[in-house]
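Coordinate analysis (summary)
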Amino acid sequence: MSETSSPEVHPAWLPPSAFRALGSRRVHVEASGPLADTVRAEVARACALFGGNASSPPAAADLILTLAAVPSSGSGDGFLLARRGAATIVIADGPAGLLHGLFEVVRRGEAAFAPDLADERHEPALGLRVLDHWDNVDVHPVMGQVERGYAGGSIFWHHGRLRNDLTRVRDYARLLAATGINAVTVNNVNVHRSETHLLTDRLGEVAAIASTLRPYGIRLHLAINFAAPVILGDLPTADPLDDRVRRWWRETTDRVFATIPDFGGYLVKADSEGQPGPFTYGRTHADGANMLAAALAPHDAPVRWRAFVYNHRQDWRDRSTDRARAAHDHFAPLDGQFSGNVILQVKHGPMDFQTREPVSPVLFAMPRTRVAVELQVTQEYTGQQRHVCYLPPMWSGVLAFRPDGDSGPALAERLSTRTPGGGVLSAVANVGDDPFWTGHPLAQANLYAVGRLAWSPGRDPAAILDEWITLTFPDAPRQALHDLMADSWLTYEQYTAPLGVGFMVRPGHHYGPDVDGYEYTPWGTYHFADRDGIGVDRTTATGTGFTSQYPHPWSERYESPATCPDELLLFFHHVPYTHVLHSGTTVIQHIYDTHFAGAERVADMRARWADLAGTIDPAVHARVTERLAEQLRSAEEWRDQINTYFHRKSGIPDAKGRTIH
Ligand code: GCW
């Protein structure tokens, strides 16, 4: 099979038109080094397109990009955007800041050159803003090449080896740099045999990717296999306290840095869903993580150790085991035992990237540990990039969550201020070799926004959406697109699993409804619906005790149905169908109402998209049209299966007498 993808790769949020304001001006770049060269090349390309002058003398320039006279002690990502005389000026803390400043000017367009532009200081809230690819080198027999990938094959790997042509990787780095992302992990956290070799004998392939990402300030990370010393090193053990194993990791890591001097660090999924880990040797996760941290410390690099550890061979008859509790049970007792360059990477919810979950209590249970939040941009449980589902409203809810109650700091602040280097946001990527990058062209907005939120977690997701629309679809009616996408996550929630109960998806691939698909399985993902009621009792009084993992006041708020927010009611409580929500409606009527409403909203989205024909690139329009047809089919399927299931279970009719099959 040929590896050439369509030559018509969509420019996403960097179409040539985005560079018009900059490219039609006189620009002076005053800095040297590789990133400055990238900035200079960007300016030259823009000026060639729009008639500007890329090497204007400073006195005559409309735009000056320069480095601060005193280099910053921080990451160097920040910059000042200001107006000085008749010129707009970017004064960057370091070379990376120069690049970020350039893209800020691009985003602003003409507004960047307004005579009354006020001084603005820009700096990322989080120091490491990383996208994790679940890409495999080989094509996996079940998962395909990209685990939970919905946009084709990997942009890095093709049929078992590195792609010959890395042009798309370079374009990708450019797109990411324009959002503020500064690191990428190039292989799946489930590290199979071929991918294990990336660390050693296949390091040359990794180095080639690193060189392609580097001009855009993106550092490369690798997911490693905890059993690598056994698989690659001829050692009989991977015991983290064994001297031979420790030496193997040290030497191997030294070789990685000898080959890739700016290598970013390791990412590890251990003792989880069949991956090897320290439990095999009777060691703790602190022992495992600290061993890798020791190998990385001389190079000043971190290991990101995932907290996604739970028993996936659970007995559904055992009501005391609760998957939601698992990460906290495993990790909270280890607080204080991790080395300084270990980052514990925690999924934003306690389960698994469901449409609605509470914020994971692990994120604020370990004051003496560096903690990172992990988001899922790839839409595993949120429509698999066949459904429009703009996720940032969910993510900003997570980042804005106040663990200590309404007056305490938001999670984003805690992550950034408590962590040397300014905190970490990681996100599972959603791109592939699809010409639109993300399968569904509108799923590009999620990728764009995750970078913007990592830079500035307090930003309004709706404003980020507008920014993305303006850059990507300069000629389309912005408000119409905005209205179609802004609440699409809530629409998706309406027609899928209700009130935070989660799952109800088809096992394995996780697309489409199957209410009981996981009900009696070992995966620990239950809803416990019977004829009388539904939901998981996670209270401390009568349930699994998960609520007690939260600090005050959340433990109390979640403990009682009287104070638990409606949208999470079934995550925390088992209630009768006739339970009255704060909204005033019963649980069963809420299920019916939201499922009818959600499907209707999708029909409406589809009609509104049809109206946009002629204002949007025909290829994009056609692709989205096709996806919306599937979204509507799927939403109606969800509506009918969920409504019918609960109608049959409860025997309670819809108060509005609508058709339930
Ligand atoms: O939700 C599960 C996914 C797996 C994934 C795992 C994880 C990479 O279904 O595909 O494996 O989470 O996050 O490790």
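No experiment lies behind these values; they were computed from the predicted model shown. (Residues numbered from 1 in each chain as written. Predicted model: local features only at pLDDT ≥ 70, side-chain atom pairs only at ≥ 80, totals over all residues.)

As a further point, take the overall build of the chain. Regarding its fold elements, the chain presents 20 helices and 19 strands. Rg of the C-alpha trace for the chain: 25 Å, near the compact-globule value of 26 Å for 661 residues, within the 12% margin. Projecting the C-alpha coordinates of the chain onto the three principal axes gives extents of approximately 80 × 65 × 55 Å. Buried residues in the chain amount to 52% of all 661 residues. Considering only intrachain contacts with a sequence separation of at least 6, the fraction spanning at least 24 residues in the chain is 70%. (Helix = DSSP H or I, 4+ residues; strand = E, 2+ residues; numbered from the N terminus. Rg over C-alpha atoms; globule rule 2.2 N^0.38 Å. Buried ≥ 20, exposed ≤ 12 C-beta atoms within 10 Å, placed from the backbone. Contact = placed C-beta atoms within 7 Å.)

Judged by pairing direction, the barrel is parallel, and its eight strands sit side by side in the order β6-β11-β12-β13-β14-β15-β16-β17 before closing back on the first. The mean angle between the axes of side-by-side strands here comes to 25°, regardless of whether they run parallel or antiparallel. Across five bridges, the pairing between strand β15 (residues 342-347) and strand β16 (residues 370-376) is parallel. Each bridged residue has a counterpart across the sheet, and for L344 the counterpart in β16 is V371. (Pairing = 2+ DSSP bridges. Axes fitted to C-alpha atoms, helices over the stretch in contact; angles between N-to-C directions.)

Close to the ligand lie W134, E147, R148, V189, N190, K269, F308, D352 and E380, which account for all nearby residues. Tallied by class, residues from the shell around the ligand come to three nonpolar, one polar and five charged. (Near = placed C-beta within 6 Å. Nonpolar A, V, L, I, M, F, W, Y, C, P; charged D, E, K, R; others polar.)

Attention now moves to unusual backbone geometry. For the bond running from H552 to P553, omega is 5°, close enough to zero to count as cis. Topologically, P553 is positioned in the loop between β18 (533-534) and α17 (554-559). Phi at H510 takes a positive value of approximately 70°, unusual for a residue other than glycine. For H510, the position within the fold is in the loop between α16 (488-495) and β18.

The next thing to look at is the environment of Y390. Counting through the fold element by element, Y390 comes out in the loop between β16 and α11 (392-400). The spatial distance from the C-alpha of Y390 to the C-alpha of N164 is 34 Å, given a sequence separation of 226 residues.

Turning our attention to the UniProt feature "domain: Glycosyl hydrolase family 67 C-terminal" (unreviewed entry) in the chain. Look at the UniProt record and you will see "domain: Glycosyl hydrolase family 67 C-terminal" (unreviewed entry) annotated at residues 438-658. For residues 438-658, the end-to-end C-alpha separation is 37 Å, with 49% helix and 2% strand making up the annotated structure. (UniProt positions renumbered as here; feature names shortened; annotations may be inferred.)

Turning our attention to the nonpolar core. In terms of nonpolar packing, the biggest core is built from 198 residues, with L292 and L344 touching the most fellow members. When neighbours within four sequence positions are excluded, L292 is seen to be in contact with W249, Y266, V268 and V303. (Core = buried A, V, L, I, M, F, W, Y, C linked by C-beta atoms within 7 Å.)

This brings us to the confidence of the model for the chain. Summing up the model confidence of the chain, the mean pLDDT is 96 and the portion of residues at 70 or higher is 98%. Segment residues 1-6 is flagged for pLDDT under 50; beyond a separation of four residues in sequence, or across chains, it makes eight contacts in the model. Confidence estimates for the predicted assembly give a pTM of 0.97 and an ipTM of 0.99. (pLDDT = per-residue confidence, 0-100.)

Attention now goes to the sheet that holds strand β3 (residues 79-84). One open sheet holds the five strands; their spatial order is β1-β2-β4-β3-β5, and the pairing between them is mixed. Only two strands of the sheet have a single neighbouring strand rather than two, namely β1 (27-30) and β5 (120-122). Within this sheet the neighbouring strands show an average axis-to-axis angle of 15°, counted without direction. As judged from the six bridges shared by β3 and strand β4 (residues 87-92), these two strands associate in the antiparallel manner. Bridge pairing links F79 to A92 in β4. Sheet strands touched by helix α2 (residues 34-50): β1 and β2 (63-67). Its angle to β1, the strand with the most contacts, is close to 170°.

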